[in-house]
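So you can see what is in the structure, the chains are spelled out below.
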Amino acid sequence: MKRRALLSTVACSALGLAAGCLTDSNESVETPTNPQTTTATTDSTADSTTETNTSDPEADPGVGLSVVNEDDEPHTLSVRVTDGDETHFDGSLDVGAGPGYGRNVANDLVGDGSYRVVAELDTGATLDYEWTVTNEARRLELVVTSDADLEARQRVTPVLDDADLPYTVPGAKDIFAPPGATIRNRSDADARLTVAIDHDGSRVFERTFDAATDHEVSTPPLVASHGSYEVVVETEDGRTATHVWDIPEKWGWPTLAVLVAADGSLRVGSGWPKTASVHVENESEAERDLTLTLAVSDGADADSDGVGGTSSGDAVVSETTRTVPPGESTVGFGVPIGDVYELTIETATASETVAYAACYCWNTNTTVTLSGSSGGDAGDEGGNGDGGDSGLSVKSFQYVCE
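Another point: the pairing of strand β21 (residues 274-282). Of the pairings in the sheet, the one linking β21 to strand β24 (residues 327-335) comprises 9 bridges and is antiparallel in character. Residue Asn-282 lies in a different strand from β24, and its bridge partner there is Gly-327. With 4 bridges connecting them, β21 and strand β27 (residues 362-370) associate as parallel partners. Within the sheet, the bridge partner assigned to Glu-281 lies in β27 and is Thr-369.

Written out as structure tokens, the structure reads:
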């Protein structure tokens, strides 16, 4: 990350900004509710409405309405909430560019019951949704999707009566913000999922959830201690996905993300799918071909779809090849689910591999420099950030919210 971008992140975190915080790259910085600071670590191996990141299920327990923008452009939308002849809300809202940022519209807007929500986006997309408020489903999010459409998403917070939660590991340090699990279903069919968490071979949590297509399930905190946990998610038809949920002491804002993707695949990880990017400085006067390969390291997560469960070898989850022009540019690549990956940067004559964290509040900034010389030997195996005479140099560091 450029120094200016890092300082910007620190400022936003320290002030606890209500609005989303962006770096000067094309990737948004995920800012949790009330973060304390943002810390960078060098990768040695390589109105009544407010804008906020809405990822914290404990941020507001009331019955309310919010707007979330998953598009990278700002939008305006009109919203009307009615109950028969009574109008509870009628107004126009501006929401800043996402992805992942939103605007709280109103708290304690309605009581238990059914309501009609009609919304229209500035793109012409419309939504007509019946909102049913129950004891567990008390918030509604109007989501501007990445393709500028509108979706309704009810946030469900189930009551867990397990007195042993959140699970505590004896002798381990406490997590600053103990994480729960969030379950999203982006397919066109409702699902029923069982989520289980093991620690040192013992099961510490198991619960079955209904994952409706228009609901997002956010549990209370499940674990309270730093450590390594094994997560197993299983569908009613027997499909499974696993995730080694490592929560190192530097990571104070972890999350557990369970996703039924649009194609029906099951994924579990430490953050949501996104488009990440590397900064490229092409010092030559010619265009250069660059390939970015994102892979799960040996023994880490990869499911039967190559996205998230246990694998016995490196599993490639994303591969992107671009021709970069002279000067500065960015190259984006897909991250199918949050995790700590290996990112390999390759030219025609050299390659380097660095550890790449792509989790909620634990991310990586990578700068690729292509020198005027494209010849020579490839960089050292394992990617130590020094490509020698190969014409390729990679510098990478990770940063976290604490």
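This is not the end of the story, as more comes after the structure.
Here the focus is the state of the cysteines. As enumerated under the stated definition, the model contains 1 disulfide in all. The disulfide partner of Cys-361 is Cys-401, and the S-S distance across this bridge is 2.4 Å. Between Cys-361 and Cys-401, the S-S dihedral sits near -80°, and the bridge is therefore left-handed. Highlighted residues: Cys-361 in the loop between β26 (351-358) and β27 and Cys-401 in strand β28 (residues 392-401), separated in sequence by 40 residues.

We now examine the side chain of Asn-104. The topology assignment puts Asn-104 in strand β8 (residues 101-107). For Asn-104, the side chain forms a polar contact with the side chain of Arg-139, separated by 2.7 Å.

Leu-193, Ile-197, Phe-205 and Trp-245 are the most contacted members of the largest nonpolar core, which totals 40 residues. Residues within four places of Trp-245 in sequence aside, it is in contact with Pro-179, Ile-197, Val-223, Gly-227, Ser-228, Tyr-229, Val-231, Trp-251, Thr-255, Leu-256 and Ser-270. Judged by nonpolar contacts, the second largest core, of 29 residues, contains Val-278, Tyr-356, Leu-392 and Val-394.

If you walk through the whole model with that rule in mind, you get 6 aromatic pairs. Measuring from centroid to centroid gives 6.0 Å for Tyr-229 and Trp-245, while their planes differ by 50°, and the two rings are tilted. In this pair, Tyr-229 sits in strand β17 (residues 227-235) while Trp-245 sits in strand β18 (residues 240-247), placing the two residues 16 residues apart along the sequence. Relative accessible area serves as the criterion here: at 0%, Tyr-229 is assigned to the buried category. When its relative accessible area of 0% is taken as the criterion, Trp-245 is described as buried. The ring centre of Trp-272 lies 4.0 Å from the NZ or CZ of Arg-184, which sits over that ring.

About the criteria used
In every chain, residue numbers begin from 1 and rise along the written sequence. Local features are withheld for residues below a pLDDT of 70 in this predicted model, meaning they are given only at 70 or higher, and side-chain atom pairs are given and counted only at 80 or more; totals for whole chains, interfaces and linings count all residues. In computing side-chain properties, one takes all heavy atoms of the structure into account and sets aside hydrogens as well as water. Only when DSSP finds a minimum of two bridges between them are two strands counted as paired. Only DSSP runs of H or I reaching four residues or more are called helices, and only runs of E reaching two or more are called strands; each is numbered from the N terminus. Disulfide: a pair of cysteine sulfur atoms within 2.5 Å of each other. In protein, a polar contact means a hydrogen-donor-capable atom and an acceptor-capable atom, both N or O and within 3.5 Å, with residues adjacent in sequence counting only if both atoms are side-chain atoms; elsewhere, any N or O pair within 3.5 Å suffices. Grouping buried Ala, Val, Leu, Ile, Met, Phe, Trp, Tyr and Cys residues that are joined through side-chain atoms within 4.5 Å yields what is termed a nonpolar core. Buried means the residue's accessible area, taken with a 1.4 Å probe over protein chains only, is under 20% of the maximum for its type, while exposed means over 50%, and partly exposed covers the values in between. Any two residues whose heavy atoms approach within 4.5 Å are treated as being in contact. Paired rings are identified among Phe, Tyr and Trp, the last through its six-membered ring, by centres lying within 6.5 Å, and are further divided according to the angle between planes into stacked (under 30 degrees), edge-to-face (over 60) and tilted (the rest). To sit over a ring, a charge needs its Lys NZ or Arg CZ within 6 Å of the ring centre and within 35 degrees of the ring normal.

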